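# Architecture at a glance
The residues making up each chain are set out below.
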Amino acid sequence: MPGGPVLVEGPVEITLDDGSTARSDRFLVALCACRRSRSYPFCDTSHRRRTRPPPTDAEADAD
Amino acid sequence: MNGPKLPPARGPLSAGVISALTSGPPPPQVAGADPLGEDLQLALYLCYELHYRGFDGVSDEWEWDPGLLRTRRDLERLFLAALRGGVPGGDDVTGVLEELLAEPIEAVGISHHLRDDGELWQLREYVVHRSIYHLKEAEPHAWVIPRLQGRAKAALVAVEFDEFGGGRAERMHSQLFADLMDELALDTSYGAYLEVAPAEMLAVVNMMSLFGLHRRLRGALVGHFAAAEITTAPSARRMAQGLTRLGVDPLFYTEHVEADAVHEQVLRRDVIGDLLRREPGLAADVVLGVQATDWLEGRFADLVLGRWRSGRSSLLVPMSDSR
Ligand code: FES
Ligand SMILES: [Fe+2]
Ligand SMILES: [Fe+2]
């Protein structure tokens with residue numbers, strides 16, 4: 001999806017700019033391409049478009 | 001057409017079964033119970049639970065008792081009609097998913113409240129509610145596996161593998177949730193809080209069982225799963241912040257921030273994408289699953305936030321501070 005993460009098959013080990021490494025052994029790994037993730041280098045959905053508010057926000061808890 | 005066609009009968013017994021399967025039973029008379037009320041939701045929950053772990057002191061035979069299954073069907077018909085009646089419907093899958101993907105700037109949800117100024121007793125109540133689902137996290141979705149094919153099946157199973165800890169029992173999401181309950185001094189035994197969970201919570205889990213147990217609702221199950229995965233990464237981030245603020249280990253939620261960012265992509269691209277390529281006629285059911293999830297989660301959030309706003313417990317029976 002445009003503006004979304006780059007999907008690569010796991011496990012992955014990424015070397016970051018500062019020389020540290022991040023790893024994930026998930027079957028598929030979403031790498032942040034927008035640089036806004038607070039879990040960089042992994043996508044945390046911060047790339048999403050933001051909109052004006054609805055009344056109550058319905059959200060599942062976790063899945 | 002997904003299944004093999006019915007074979008010819010070989011005598012009176014098989015003929016009777018085939019004619020029942022082809023001509024269908026007459027529609028039952030359903031009573032006028034409130035489809036979203038406490039009574040019906042608990043009755044339905046009890047029927048469904050027989051397919052998971054059952055109940056202490058209740059014979060396992062009840063799982064396939066024809067009389068009880070008939071009752072369950074009557075309850076389900078009322079519930080499903082209420083779900084269909086409560087949502088706008090349509091068959092624009094891309095449109096309804098896009099709506100969920102837009103992050104509202106100033107939304108007021110439970111996770112927003114718990115991030116900013118929720119108190120510990122409120123977090124404990126919330127975890128008690130959610131234990132109805134999280135102690136069997138991802139299990140209702142496993143029912144759909146034999147009803148999918150090809151890439152949709154493989155992709156959904158990959159997500160399930162992740163939900164079940166990628167082969168490591170201690171990393172199963174249900175176990176991570178039990179660990180969180182333990183830290184909050186809550187009872188981690190399965191079903192411990194069923195008696196205090198209100199209809200609004202039971203309805204969310206009953207919806208999953210309903211969609212999971214009925215092959216004809218496979219599109220709705222997939223739609224529900226996608227809706228849940230899409231909305232959870234941002235809310236899990238807020239929950240993690242709230243737990244950290246309250247001095248509670250946020251592992252269950254931090255795991256879900258990254259996991260669900262991936263699961264969302266897989267559900268949309270591989271599961272829904274492939275399912276609708278194979279069975280385009282399921283689009284309206286996928287939309288039903290997405291919208292019903294949003295609707296029932298909204299009712300649950302309204303109940304909980306409403307009670308908390310007036311300083312009251314959101315459970316049927318308030319908890320004491322200990323277990
Ligand atoms: S791509 Fe998703 S947070 Fe950056
Ligand atoms: Fe997930
Ligand atoms: Fe999960």
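Residues numbered from 1 in each chain as written. Chains lettered and ligands numbered in written order. Predicted model: local features only at pLDDT ≥ 70, side-chain atom pairs only at ≥ 80, totals over all residues. Heavy atoms only, no water.

### Some points on the packing of helix α6 (residues 120–134) of chain B against helix α10 (residues 199–213) of chain B
Residue and element names in this part refer to chain B. Formally: To get an axis, a line is fitted to the C-alpha atoms, and for a helix only the part in contact is used. The angle between two axes follows their N-to-C directions and goes from 0 to 180 degrees. What counts as a helix is a DSSP run of H or I of at least four residues, what counts as a strand is a run of E of at least two, and both are numbered from the N terminus. The scheme is simple: roughly parallel for angles under 35 degrees, roughly antiparallel for over 145, roughly perpendicular for 65 to 115, oblique for anything else. The hand of a helix crossing depends on one turn: near helix anticlockwise from the far one by less than a right angle means left-handed, and clockwise means right-handed. It only takes one pair of heavy atoms within 4.5 Å for two residues to be counted as in contact.
Interhelical geometry of α6 versus α10 gives an angle of 15° and a closest axis separation of 9 Å. On the basis of their axis angle, the class for α6 and α10 is roughly parallel. Considering only the axes of α6 and α10, their crossing is right-handed. On the side of α6, the interface is formed by H129, R130, I132 and Y133, while α10 contributes M201, L202, V205 and M208.

### Focus: the packing of aromatic side chains
Residues and elements named next belong to chain B. How we decide: Side-chain rings of Phe, Tyr and Trp, where Trp is taken by its six-membered ring, are said to pair if the distance between their centres is within 6.5 Å; with planes under 30 degrees apart they count as stacked, over 60 as edge-to-face, and otherwise as tilted. Only protein chains enter the calculation, and the probe is 1.4 Å; a residue is then buried if its accessible area is under 20% of its type maximum, exposed if over 50%, and partly exposed in between.
What the rule picks out here adds up to five aromatic pairs over all chains. Between the aromatic rings of Y52 and W143, the centroid separation amounts to 5.7 Å while the plane-to-plane angle is 65°, which identifies the pairing as edge-to-face. Here Y52, found in the loop between α2 (38–49) and α3 (66–86), pairs with W143, found in the loop between α7 (139–142) and α8 (150–163); they are 91 residues apart in sequence, far enough to count as distant. When its relative accessible area of 15% is taken as the criterion, Y52 is described as buried. The exposure class of W143 is partly exposed, given its relative accessible area of 26%. For the ring pair F177 and F252, a centre distance of 5.1 Å and an interplane angle of 70° mean the geometry is edge-to-face. Placement of the pair is F177 in helix α9 (residues 173–183) and F252 in helix α12 (residues 251–278), with a sequence separation of 75 residues. For the residue pair F177 and F252, the accessibility class agrees, reading buried in each case.

### Some remarks on the coordination of the iron ion (ligand 2)
As a reminder of what qualifies: Donor criterion used throughout: N, O or S atom within 2.8 Å of the metal, extended to 3.2 Å for Na, K and Ca. Water excluded; incomplete-looking sites may result.
Looking at the iron ion (ligand 2), the protein donor atoms are D63(A) (O), E163(B) (OE), E229(B) (OE), E229(B) (OE), D260(B) (OD) and H263(B) (ND1), and they sit 1.6 to 2.4 Å from it. The iron ion (ligand 3) is placed at 3.8 Å from the iron ion (ligand 2), the two being bridged by D63(A). With E163(B) in helix α8 and H263(B) in helix α12, this pair connects stretches of sequence that are 100 residues apart. Residue class for H263(B) comes out buried when judged on its relative accessible area of 0%.

### Here's the deal with the interface of chain B and chain A
Going by this rule: Once two parts are joined, some of their accessible surface, as seen by a 1.4 Å probe, is lost; buried area is that loss totalled over both. Each salt bridge in this description consists of a side-chain nitrogen of Lys or Arg and a carboxyl oxygen of Asp or Glu lying within 4 Å of one another. Residue type decides the class: Asp, Glu, Lys and Arg count as charged, Ala, Val, Leu, Ile, Met, Phe, Trp, Tyr, Cys and Pro as nonpolar, and the leftover types, Gly among them, as polar. For two strands to pair, DSSP has to find at least two bridges joining them.
At the interface, 62 residues of chain B touch 32 residues of chain A. Regarding the contact of chain B and chain A, the summed buried area is about 3,800 Å², with carbon and sulfur atoms giving 50% of it. We note a salt bridge from E59(A) to R238(B), for which the minimum N-O separation is 2.9 Å. Going through the elements one at a time, α4 (93–101), β1 (103–104), α5 (110–116), α6, α8, α11 (218–245), α12 and α13 (283–309) of chain B are the ones with two or more residues in the side of chain B that touches chain A. For the side of chain B that touches chain A, the element with the most residues is α12(B), which contributes 16 residues. Of the residues that constitute the side of chain B that touches chain A, the class distribution is 27 nonpolar, 14 polar and 21 charged. Sheet topology places strand β5 (residues 50–51) of chain A next to β1(B); two bridges connect them, and they run parallel. Bridge pairing links R50(A) to E103(B) in β1(B).

### Some details on α9(B)
Residue and element names in this part refer to chain B. Regarding α9, the residues found buried are H173, S174, L176, F177, A178, L180 and M181. Looking at the buried positions of α9, the neighbouring elements they touch are α6, α8, α11 and α12. Of the residues trailing α9, A185 is marked for its positive phi of about 60°.

### Brief notes about the nonpolar core
Cut-off, in case you're wondering: What is meant by a nonpolar core is a set of buried Ala, Val, Leu, Ile, Met, Phe, Trp, Tyr and Cys residues, joined one to another through side-chain atoms within 4.5 Å. Here the bounds of each domain stem from an automatic or database domain assignment.
Membership of the largest hydrophobic core comes to 95 residues, with the highest contact counts inside it found for F79(B), I110(B), L180(B), F211(B) and Y253(B). Among the elements that line this core, the one with the most residues is α13(B), at twelve residues. In this structure, this core is formed jointly by two domains, domain 1 (12–85) and domain 2 (91–309) of chain B, each of which donates at least three residues. In this view, F79(B) contacts P35(B), L36(B), L40(B), Q41(B), L44(B), A203(B), N206(B), M207(B), L210(B) and L296(B); residues no more than four positions away in its chain are not counted. Counting five residues, the second largest nonpolar core, distinct from the first, contains V12(A), A22(A), V29(A) and F42(A).

### Describing the domain arrangement of chain B
Residue and element names in this part refer to chain B. We apply this condition: Throughout this description, a polar contact denotes any pair of N or O atoms lying within 3.5 Å of each other; where both atoms belong to protein, one of them has to be capable of donating a hydrogen while the other can accept it, and for residues adjacent in sequence the pair is counted only when both atoms sit in side chains.
Taken domain by domain, chain B consists of domain 1 (12–85) and domain 2 (91–309). The distance between the C-alpha centroids of domain 1 and domain 2 comes to 25 Å. Taken residue by residue, the interface counts 21 residues in domain 1 and 30 residues in domain 2. Carbon and sulfur atoms supply 66% of the area buried between domain 1 and domain 2, which totals about 2,200 Å² over both sides. When the area that domain 1 buries against domain 2 is broken down by residue, the three leading residues are Y45, Y52 and L83, summing to 32%. Where K136 meets E49, a salt bridge forms, and the shortest distance between an N and an O atom there is 2.6 Å. Joining domain 1 to domain 2, the criterion identifies eight residue pairs in polar contact (both at pLDDT 80 or more). Per element, the largest residue contribution to the side of domain 1 that touches domain 2 is eight residues, and it comes from α2. A breakdown of the residues in the side of domain 1 that touches domain 2 according to their chemical character gives twelve nonpolar, three polar and six charged.

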